[in-house]
Amino acid sequence: MSTSRSALSTDLEASTLRKLQARIIPFVFVLMVIAFLDRINIGFAALTMNKDLAITSQQFGLLSGTFFWGYFIFEIPSNLLMHKVGARIWIARILISWGSWPC
């Protein structure tokens, strides 16, 4: 009886790994490529933006780090609120608040 359970467990593990490899891993790879391209774009933007804003590369690094920490701190509460009120309402709220930001 125990051999059939271990065989069933092994089959389940193999099936799960195949599903991971076929579905999740390619999706995560695409997300990693997009994140990498985003970081590259920030670096290219810094080349001209630093001169336009009259900031040094150290100041740009500090500002980028400040943005990252603000994003990191507020992302979890934002996702919790989105779960509470629903994605449709929360994303609409983000679009309205960022879209009406004075330029």
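Residues numbered from 1 in each chain as written. Predicted model: local features only at pLDDT ≥ 70, side-chain atom pairs only at ≥ 80, totals over all residues. Heavy atoms only, no water.

What follows concerns the overall build of the protein. The helix and strand inventory of the protein stands at three helices and zero strands. Starting at the N terminus and ending at the C terminus, the protein contains elements arranged as α-α-α. Burial analysis of the protein (103 residues in total) assigns 6% to the buried set. As displayed, the protein offers around 9,500 Å² of accessible surface, 73% of which is attributable to carbon and sulfur atoms. (Helix = DSSP H or I, 4+ residues; strand = E, 2+ residues; numbered from the N terminus. Buried < 20%, exposed > 50% of the residue type's maximum accessible area, 1.4 Å probe, protein only. Areas by Shrake-Rupley, 256 points an atom, 1.4 Å probe, with all protein chains shown as cover.)

Mean pLDDT over the protein: 85, with 89% of residues reaching 70 or higher. Across the protein, the element-wise mean pLDDT spans from 84 in helix α1 (residues 2–53) up to 89 in helix α2 (residues 57–85). (pLDDT = per-residue confidence, 0-100.)

We now examine α2. One full turn of an α-helix is made of 3.6 residues, so residues set three or four places apart face in the same direction. Compared with an ideal rise of 1.5 Å per residue, which puts 29 residues at 42 Å, α2 spans 40 Å between its outermost C-alpha atoms and is within 8% of the ideal. Considering bend angle alone, the principal kink of α2 is centred on Glu75 and spans about 35°; proline Pro77 follows within four residues of it. Trailing α2 by a residue or two, Gly86 shows a phi angle of about 105°, which is positive. (Expected span 1.5 Å × (residues − 1). Bend = angle between axes of the 7 residues up to and from the residue.)

Attention shifts here to the packing of aromatic side chains. Taken as a whole and assessed by the stated rule, the structure comprises four aromatic pairs. With 5.4 Å between their ring centres and 75° between their planes, Phe68 and Trp69 make a pair best called edge-to-face. Members of the aromatic cluster, each reached through a chain of ring pairs, are Phe68, Trp69 and Phe72. The positively charged end of Arg93 is found above the aromatic ring belonging to Trp90, 4.4 Å away from the centroid. (Phe/Tyr/Trp six-rings, centres within 6.5 Å; stacked < 30°, edge-to-face > 60°. Lys NZ or Arg CZ within 6 Å of the ring centre and 35° of its normal.)

Attention now moves to the side chain of Asn50. Topologically, Asn50 is positioned in helix α1. On the accessibility criterion, Asn50 (12% relative accessible area) is buried. Those residues within four positions of Asn50 in sequence are excluded, and the remaining contacts are Ile55, Thr56, Ser57 and Phe60. (Contact = heavy atoms within 4.5 Å.)

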